[in-house]
Amino acid sequence: MCSWRTIPCSITELCLDHTLPSGQSFRWKKNGDNDWVGVLGCSVYLLNQTSTQLRYKVFGKESETKSGGLESLSGRRSTTKTKAKAAKINGVVSPSPPADHDTVLKDYFQLTVCLHKLYSTWSDVDDNFKAVAQRFPGVRILRQDPVENLLSFICSSNNNISRISGMVENLCVHFGEPIVEVSGQMYYSVPSVDKLALPGVEDTLRKLGFGYRAGFIVKSCQTILENDPGWLVGLRTRPYQEAREQLMTLPGVGPKVADCVCLMSLDKPGALPVDTHVWQITATNYLKQLNNTKSLTPTVYTQIGDFYRTRFGEYAGWAHSVLFTADLRPNKNKETEQVGDGVAKKKKKLK
DNA sequence: CGGTGACCTTTCG
DNA sequence: CGAAAGGTCACC
């Protein structure tokens, strides 16, 4: 058994227990009391942490992922170049992880972004944030594979977390590649868009319980393939608004899903997903004039995003994930459910 | 622009 | 059991 590898990292910069279950990725599972297991690229990672370091073990093939480029994981069929790189792998079932896994994790957790400073700034401008921040330190935005991120959130529409997780799992098990078995459990990669664009897939997904999202997934993958190779990941270097518009050309991708993808995998820290919950809480606690809005129209959606962007600045999307993380926890305490302490929440539903 | 209803199925209360 | 679930799309 290989030993744990470590990366220096304060628990206030990254708290796995607050970040991994915050509804960004649906693929991390708690393993025992301290460990988290998940798949990044073509490797299975086992993670835990102390107050000063992030610790990990890697299982499976050596990842071909290069720092900053998850392209090869994204179902590109641009082949030639990525193939050439991938061919370099010394596919040993090596007990010692390759040197590059530090880089993969630093990239995934975006450890070069100084969360401590951001928290401090946001606490200065918002009392609600300050209160929530004390209870939930170390919440940061992951830098996910755009394909995983996109598929996950196409599944999220009008759906519950529990089922979404199962659907993502099913996508990987049925259309991804097996990676390695760890303690009796096989792990799979995120499927390539090529696989999901094949004829017959929609029927299979329907049978797997995806409902109307089956069509969205297949058609979105087909659309991705019709675009230039690298189109999706290329949105990382396009302006926020443009990336958002482009994403919304995909079936099943509206404003909310587009913002999730912008924020969580396309390097748009100011993107701010507004769901019904965020809308309600914001109307109650911040923008009272929205209390009489009847639905989450594009206008209201923009107002809410702009409000937070004005208040929290360039990384408003990151602030938003801290602010609302408490409300997604399965075991949230109903008595204290609120944004910040002492602020009333939940208006009753009018119908 | 804003309002309405359908959409699949599972989980939740 | 029925309602709700991190929406989106089509249509008025």
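Residues numbered from 1 in each chain as written. Chains lettered and ligands numbered in written order. Predicted model: local features only at pLDDT ≥ 70, side-chain atom pairs only at ≥ 80, totals over all residues. Heavy atoms only, no water.

**Student:** Mind showing me how you'd approach unusual backbone geometry here?
**Tutor:** Trans peptide bonds make up the majority, and among non-glycine residues the majority have a negative phi. With a phi angle near 55 degrees, Gln110 is a residue other than glycine that sits in the positive phi range. In this fold, Gln110 is placed in the loop between α3 (101-108) and α4 (115-125). The buried category is assigned to Gln110, whose relative accessible area is 15%. Phi is positive for Asn158, which is not a glycine, with a value near 50 degrees. Within the fold, Asn158 resides in the loop between α6 (146-155) and α7 (161-175). (Helix = DSSP H or I, 4+ residues; strand = E, 2+ residues; numbered from the N terminus. Buried < 20%, exposed > 50% of the residue type's maximum accessible area, 1.4 Å probe, protein only.)

**Student:** Could you clarify how one ought to interpret the protein's contact with DNA strand C in this entry?
**Tutor:** Neighbouring DNA strand C are 19 residues; Gly23, Asn159, Val257, Asp275 and Leu328 lie closest to it. When atoms of DNA strand C within 4 Å of the protein are sorted by moiety, sugar and phosphate together comprise 53%. Take Ile161: an N or O atom from its main chain is 3.1 Å from a phosphate oxygen of DNA strand C. Between DNA strand C and Gly254, the relevant distance is 2.9 Å, taken from a phosphate oxygen to a main-chain nitrogen or oxygen of the residue. In terms of residues, the surface near DNA strand C owes the most to one element, helix α13 (residues 255-265), which gives three residues. Here the surface near DNA strand C is composed, by residue class, of eight nonpolar, nine polar and two charged. (Near = heavy atom within 4 Å. Polar contact = N/O pair within 3.5 Å; in protein donor to acceptor, adjacent residues only side chain to side chain. Nonpolar A, V, L, I, M, F, W, Y, C, P; charged D, E, K, R; others polar.)

**Student:** Even after reading the chapter, I still don't get the sheet that holds strand β1 (residues 5-8), so can you show me in this structure?
**Tutor:** Through backbone hydrogen bonds, the strands of a sheet pair up, either in parallel or in antiparallel fashion. Strand order in the open sheet formed by five strands is β1-β5-β4-β3-β2, and the pairing between neighbours is antiparallel. The open sheet is flanked by β1 and β2 (29-31), the only strands paired with a single partner. The average angle at which neighbouring strand axes cross in this sheet is 35 degrees, direction not considered. Sheet topology places β2 next to strand β3 (residues 35-40); three bridges connect them, and they run antiparallel. What sits directly across from Lys29, in β3, is Val37. (Pairing = 2+ DSSP bridges. Axes fitted to C-alpha atoms, helices over the stretch in contact; angles between N-to-C directions.)

**Student:** What should I look at first to understand helix α5 (residues 127-135) in this one?
**Tutor:** The periodicity of an α-helix, 3.6 residues per turn, causes residues three or four positions apart to be oriented the same way. Within α5 the residues assigned to the buried category are Asn128, Phe129, Ala131, Val132 and Ala133. Buried residues in α5 make contact with α4, α14 (276-285), α15 (298-312) and α16 (316-325). At the N-terminal end of α5, a side-chain oxygen is found 2.9 Å from the backbone nitrogen of Asn128, two or three residues along, and the residue is Asp126. (Contact = heavy atoms within 4.5 Å.)

**Student:** In this structure, what is going on with the packing of aromatic side chains? I would like to understand it.
**Tutor:** Scanning all chains against the criterion turns up 16 aromatic pairs. Considering the side-chain rings of Tyr119 and Phe129, the 5.4 Å spacing of their centres and the 80 degrees angle between planes classify their relative orientation as edge-to-face. A residue pair is termed long-range when its members are at least 10 positions apart, and Tyr119 in helix α4 and Phe129 in helix α5 qualify at ten residues. Taken individually, Tyr119 and Phe129 each receive the classification buried, so the pair is uniform in this respect. A ring pair is formed by Phe307 and Tyr308, whose centres lie 5.1 Å apart and whose planes are at 65 degrees; its orientation type is edge-to-face. Side by side, Phe307 and Tyr308 carry an identical accessibility label, which is buried. An aromatic cluster is present here, built from Tyr119, Trp122, Phe129, Tyr286, Phe307, Tyr308, Phe312 and Phe324 joined pairwise through their rings. It is Arg213 that lies over the ring of Tyr212; its NZ or CZ is 4.4 Å from the centre. (Phe/Tyr/Trp six-rings, centres within 6.5 Å; stacked < 30°, edge-to-face > 60°. Lys NZ or Arg CZ within 6 Å of the ring centre and 35° of its normal.)

**Student:** I tried to follow the pattern of salt bridges on my own but got confused; where do I start?
**Tutor:** Side-chain pairing between opposite charges can occur once the charged atoms of the two side chains come close. Enumeration over the complete set of coordinates arrives at ten salt bridges. A salt bridge links Arg140 to Glu13; the shortest N-O distance between them is 3.0 Å. With Arg140 in the loop between α5 and α6 and Glu13 in the loop between β1 and α1 (16-19), this pair connects stretches of sequence that are 127 residues apart. We classify Arg140 as buried; its relative accessible area is 0%. When the shortest N-O distance is used, the salt bridge between Arg238 and Glu242 registers 3.1 Å. Taking relative accessible area as the criterion, Glu242 reaches 30% and is therefore assigned partly exposed. Several salt bridges converge on common partners, so that one network encompasses Asp107, Arg143 and Asp267. (Salt bridge = Lys/Arg side-chain N within 4 Å of Asp/Glu carboxyl O.)

**Student:** I keep staring at the nonpolar core and nothing clicks. Help me out?
**Tutor:** Soluble, globular proteins show a tendency: their nonpolar side chains are buried together. In terms of nonpolar packing, the biggest core is built from 76 residues, with Phe129, Leu205, Ile217, Leu247 and Tyr308 touching the most fellow members. Looking at this core, the element that brings in the most residues is α13, giving seven residues. Apart from the residues lying within four places of it in its own chain, the contact partners of Leu247 are Leu232, Leu235, Val253, Ala258, Val261, Cys262 and Leu266. The next biggest cluster of nonpolar side chains, apart from the first, holds 19 residues, and it includes Leu14, Tyr56, Val58 and Leu105. (Core = buried A, V, L, I, M, F, W, Y, C linked by side-chain atoms within 4.5 Å.)

**Student:** Would you mind showing me how to read the environment of Ile161 here?
**Tutor:** With respect to the element layout, Ile161 can be found in helix α7. Remark: the alpha-carbon pair of Ile161 and Leu328, spanning 167 residues in sequence, is separated by 9.2 Å.

**Student:** I would appreciate a short explanation of the side chain of Asn48 in the present structure.
**Tutor:** Along the chain, the position of Asn48 falls in strand β4 (residues 43-49). Here Asn48 falls in the buried class, since its relative accessible area comes to 7%. In terms of polar contacts, Asn48 uses its side chain to reach the side chain of Asp35, at 3.0 Å. There is a polar contact of 2.7 Å between the side chain of Asn48 and the side chain of Arg55. The residues touching Asn48, leaving out its near neighbours within four places in the chain, are Trp4, Leu16, Asn34, Asp35, Gln53, Leu54 and Arg55.

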